[in-house]
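# Residue-level structural notes
What follows is each chain in one-letter form.
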Amino acid sequence: MAATVPIRRQLSVDIHRALQSWCHVWAADDLAAQITVEFSSRMTRSLGRCYPERNLIRIAQFVLEDSDALVQEVLCHEAAHLAAHHLHGSSIRPHGPEWKALMLMAGYPPTVRFKLAAISRPPVKARRRRTLVAIIEGLRKEILKGLARG
Ligand SMILES: [Zn+2]
């Protein structure tokens, strides 16, 4: 299986085993070995994303800083998308009855929104502030250079 291990910390969630057991419950055993899981530090808005054509799941790196339970639920949410696509084709709605049924089978409520309270999302304001500081620094240097040139 091609699941990549996150760099920041070793997961106590066994991704391979989790995917295997869900796929088994979903009667899609052959799917588990085809799934690739990646962790992305560039994802800041969504917790997870999936690409059914590539059997690829991408999970935001910051989710790893939350509880293992959440990591597992996000993983299951995305895996259920892949399984729904695998079992029912591409014409189904993303969070339609097929996906909902798979979530229930895996033991999760088929909710689309995650409880974000516990999550330490990278603060957007802090990032903006950093950009602004960088711009001001740049201007200051330009002015100083101009003054030096006389
Ligand atoms: Zn979804």
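For the structure itself, look to the data block above.
An account of the accompanying structure is given in this report. Since this is a predicted model, take the numbers as computed values, not measurements.

### Looking at unusual backbone geometry
- In the Ramachandran plot, A27 falls in the positive-phi region, its phi being about 55° despite a non-glycine side chain.
- By secondary structure assignment, the location of A27 is in the loop between α1 (15-25) and α2 (29-32).

### Topic: the nonpolar core
- By size, the foremost hydrophobic cluster in this structure holds 29 residues, and its most contacted members are I59, A79, A80 and A83.
- Broken down by secondary-structure element, the contributors of at least two residues to this core are α1, α2, β1 (36-40), β3 (56-60), α3 (68-88) and α4 (97-105).
- Top contributing element to this core by residue count: α3, with nine residues.

### A few points about the pairing of β1
- In β1, alternate side chains face the same way, and those of V37 and F39 are buried while those of T36, E38 and S40 on the opposite face are not.
- Note: β1 against β3, five bridges, orientation parallel. What sits directly across from T36, in β3, is L56.

So, how was this worked out
Residue indices begin from 1 for each chain and proceed along its sequence in written order. Local features are withheld for residues below a pLDDT of 70 in this predicted model, meaning they are given only at 70 or higher, and side-chain atom pairs are given and counted only at 80 or more; totals for whole chains, interfaces and linings count all residues. Strands are runs of DSSP state E lasting at least two residues, helices are runs of H or I lasting at least four, and both sets are numbered from the N terminus onward. Each nonpolar core consists of buried Ala, Val, Leu, Ile, Met, Phe, Trp, Tyr and Cys residues. Their C-beta atoms, within 7 Å, join them into a set. Each residue is classified by how many other C-beta atoms fall within 10 Å of its C-beta atom, where C-beta atoms are placed from the backbone; a count of 20 or more means buried, 12 or fewer means exposed, and values in between mean partly exposed. Note on pairing: two strands pair once DSSP finds at least 2 bridges between them.

Function cannot be inferred from these measures alone, as they are strictly geometric.
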